[in-house]
Amino acid sequence: MKKIVYKSQAIQSVILIIGVCLLASLWPFRIWQETVTSSVAPATGTVTGAIDNEKTLLQEMVAQYDHMDTIEVYLDENSVGESFYLRILDEAWQMVCEERVEIDREKLPGFQSATIDIDMEVGKMYYVILQGDESEIFAGCEAVSPGEQPYLGTMYYADDQQDGAALVANYHYSMPLRKTRVLALGGLILAVTALLLFALRLWYRKKEDRLITVERVFRFVMNPVVAAGTVFCLVTILMGAWGRYTLDNTVYFISVVLLAAILFYGINHNRDGQEGILTFDYIKEHIGDLVQSLAVAGAIGACCEYMSGLYDIHHAVAERKEMLWFSLAVIAMFKWREIVNLYNVLYLIGAGVFGAYYFKTHLTVEMDEANVQVLKYTVWIGILLGLILIRTLAGLFQKKLVRPAYLFGGMVGVFFAALIIFRNGRWWGVAMVVAFTLFYLNYGMWEHRSRLLINVARGIIFQFLYATGYALMHRYYTSYGNVRYTHIFHTVTITATYLTMVACAAAVILFEKLKKSHKLKDCWKELTLMGVVCSYLLFTMSRTAFFAVGVALLFALVLTAGGKGKEKLGCFGKNLGMVLAAVLVCLPVTFTAQRNIPILVSDPVLYEIEHSMNFFEQDMRGRNFTTPNFIRVGRFMDVFADKIFGIPDHTVDWYGEMAEYERLHGDDVYPEEESGAVETGEEAAGEEENDYTNGRLDIFKSYLQQLNLTGHEEMGAVLQNGEIATHAHNIYLQVAYDHGIFVGILFILVGAGILIRSCLYYRRKKDKIKYAALPAVMVVAVAVAGMVEWIFSLSNPCTLVLMLTITPLVFHEG
């Protein structure tokens, strides 16, 4: 930012950046859309018989493009009633759209517009159905031939086939600009950019070219952009475009002001004494570290995919993705010459030939896409595993391994062996042992061991930023089915434990910065990150997450607070105050963004299990900002008070609509998604409805009663009523149940060993190793969350991160 350049160079750079962004918006991002319309015009004025609740009209149609925006249906002036339904079914007769269309009587006879806003598969058959809504409508129809309208099929009225007739309608598709328009606009952008650059050079031939800092240019460009965006948002809020309620609009208004303040501060704050974040020299020197961070992020992302998988095939694909990314994280610790050499070239040729042969001989015509992915990823994992083994054995033979911490390393080794011996048919434990043994050995031979915790922490944040970006694009925050926000997952339980892990990483990053400076200019980015992560945690309304993060955060505050006595207490209080202030500022901003950005994007992604929940399909189309079915401030406070403080739902009627809600939705206004309630059920556990543990006490008792020395093949114990539990909701009981009491005790001892070893590690390395507190904070979080949730398995993000962070503890030097 402090780099000095000529003013002409700065202006040229800005012009080029704007030009590149505009070109990228054309391709590959293809942001700009055009409308393509297919029509059947009202030529003769012919209409159908009366369409009402009983008699419907069905029009077959083949999708011409991949997104239907709106459909305009022609209605006769004799149509009576307030509204009608337009539904679209796919070729499997599954409804993909239902729109209640208000009849605009001023436009009768004429076209009535229905918002569709759904993706379609080009070339597939769809069925458009019209039905009355306590109304009687007459739709236009005209004679058409297949040659004139090849995309239209048969029309049916009251189940009777209407040969040669088609519904009078306009089908409006939206699609990215076609190639000719992309090329034309792209050429225009290039020409304008070139013209501006040429004009700029001519101008500065006659004018003195002064020096300017990159920071000043950045401020000059970004301040007007942020100001314009802020004004636009505030004006539209005041106009009621974001909602109809004063409480909501007040929070939105405050949120925009707070976000503007954060952005303006980020643009204009004093950067004296601060180094660049990602300079060319840093990237050149740390390319391996960045690759490892991205690989860790990829592996965590695959774990998230596993946790969201509904079927075994989803889990199989995700497991292999995880191992592929994990393999890259190991290879990132290799020197360049350990990757590119004659031995590896020969190996890769042989492994590639064998891998191709294996793939072809095991590929069958019955395999679907997911099974082909499993086979393909398995081959790639095998090839990379061989590459890692070659380097590992060569390094051990050359005695590159640093001295292990024999006591702690031996304890981990015994636990690994026990997982394999008492695996009871489970192979994920074997895969975990092999994977992390290779990771630990290669770490022990790595010359940049001090960078690992930085790479892991950075990988966690990279993945969180990507996941949150996806959530902002595709995951609606609704008032009912998703009132306890699940982020990129489909259950609150998984979301809560995932965010617990992210919060620990964000806390360690923040407290590392606060050890050096409490000035806002030095830590505003870390404070913002912490505030956003904690905001998403609050959205889950999960007691599990609040308890685990609360304990881990207090532990981290005590561990990292500098000084002694009163000085340490003061540092503790100051750090805690800054965290609370960050959450207070970021909570309304995050709430407003997560509520409104997905509506603006209008590209919802639902898991299969969520289609059966209380989502409002019609509100997920057409950018409907004002509907009460998307989360509102009062609804959030209502449910939060109920779930966290036990204040009954609907105690405060924030909007004066309680009676109407109860009439429409009854008592079941949101699903009970607290950890465990969905998966096992309080009834299955035999608990009372007001049990604060959601049935866990009886589940724990069942597991304790059925423990043995050798473990069980199935992870579900028999509950009091005879049903099989999904899992124990407790890592200590689950390990003991799966692998036997001996392994369960060993697991607890290893956990205690990690805690002691990690605290000692921080004490010795806190001034030498960045983020040295990460292992201790992470083990505390996992230990606490593990008391009420099952989070120890190969493809659980908490397990992956914990096993990565304890890597330095395995060796004497750390």
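Residues numbered from 1 in each chain as written. Predicted model: local features only at pLDDT ≥ 70, side-chain atom pairs only at ≥ 80, totals over all residues. Heavy atoms only, no water.

1. Digging into the side chain of Arg458
Basically, it comes down to this: In this text, helices come from DSSP runs of H or I with a minimum length of four residues, and strands from runs of E with a minimum of two, each type numbered from the N-terminal end. For each residue, the accessible area found with a 1.4 Å probe, counting protein chains only, is set against the maximum for its type, and the residue is called buried under 20%, exposed over 50%, and partly exposed in between. Charge counting treats Lys and Arg as positive and Asp and Glu as negative, with His and both chain ends excluded. Whenever Lys or Arg places a side-chain nitrogen within 4 Å of a carboxyl oxygen from Asp or Glu, that contact is recorded as a salt bridge. Here a polar contact is recorded for every N or O atom pair within 3.5 Å, except that within protein the pair must consist of a potential hydrogen donor and a potential acceptor, and residues adjacent in sequence are included only if both atoms are side-chain atoms. Throughout, a contact is declared for two residues whenever any of their heavy atoms are within 4.5 Å.
Relative to the helices and strands, Arg458 resides in helix 13 (residues 452–474). With no salt bridge to any partner, buried Arg458 finds its closest opposite charge in Asp289, at an N-O distance of 5.2 Å. At a separation of 2.8 Å, a polar atom in the side chain of Arg458 contacts the side chain of Asn455. Filtering out sequence-adjacent residues up to four positions away, Arg458 remains in contact with Tyr282, Asp289, Leu290 and Ser293.

2. Concerning the environment of Met411
Topologically, Met411 is positioned in helix 11 (residues 406–421). Taking the relative accessible area as the measure of exposure, Met411 reaches 26% and is therefore partly exposed. Considering only alpha carbons, one finds Met411 and Gly753, 342 residues apart in sequence, at a separation of 8.3 Å. Among residues more than four places away in sequence, those in contact with Met411 are Leu749 and Val750.

3. Topic: a nonpolar patch on the surface
In plain terms, the rule: Within this analysis, patches are made of residues with over 30% relative accessible area and no salt bridge. Like charges are joined at 9 Å or less; nonpolar side chains (Val, Leu, Ile, Met, Phe, Trp, Tyr) at 5 Å or less. Only the protein chains shown count as cover for residues, and the accessible areas themselves come from Shrake-Rupley with a 1.4 Å probe.
A cluster of nonpolar side chains, Ile277, Leu278, Ile283, Ile287 and Val291, forms an exposed patch at the surface whose accessible area comes to about 460 Å². Checked against the element boundaries, Leu278 lands in the loop between helix 4 (246–268) and helix 5 (280–285). Take Leu278: its relative accessible area is 55%, and that puts it in the exposed class.

4. Things to note about the packing of helix 4 against helix 15 (residues 520–540)
Heads up, the rule is: Fitted lines through C-alpha atoms give the axes, limited to the stretch in contact for helices. The angle between two N-to-C directions lies from 0 to 180 degrees. Working definition: roughly parallel below 35 degrees, roughly antiparallel above 145 degrees, roughly perpendicular at 65 to 115 degrees, and oblique for all remaining angles. Here is the rule for handedness: rotate from the far helix to the near one, and if that takes an anticlockwise turn smaller than a right angle the crossing is left-handed, while a clockwise turn gives right-handed. Any residue that is not Ala, Val, Leu, Ile, Met, Phe, Trp, Tyr, Cys, Pro, Asp, Glu, Lys or Arg is counted as polar, Gly included; the first ten are nonpolar and the last four charged.
Two elements in contact, helix 4 and helix 15, have axes separated by 10 Å at closest approach and are oriented at 135 degrees. With respect to helix 15, the element helix 4 is oriented oblique. The crossing of helix 4 and helix 15 is left-handed. Along the contact surface, helix 4 presents Ile262, Tyr265 and Gly266, while helix 15 presents Leu520, Lys521, Trp524 and Thr528. The class makeup of the residues in the contact of helix 4 with helix 15 is four nonpolar, two polar and one charged.

5. As for the side chain of Thr627
With respect to the element layout, Thr627 can be found in the loop between helix 17 (566–601) and helix 18 (633–645). Not counting chain neighbours up to four residues away, the residues in contact with Thr627 comprise Arg595 and Asp619.

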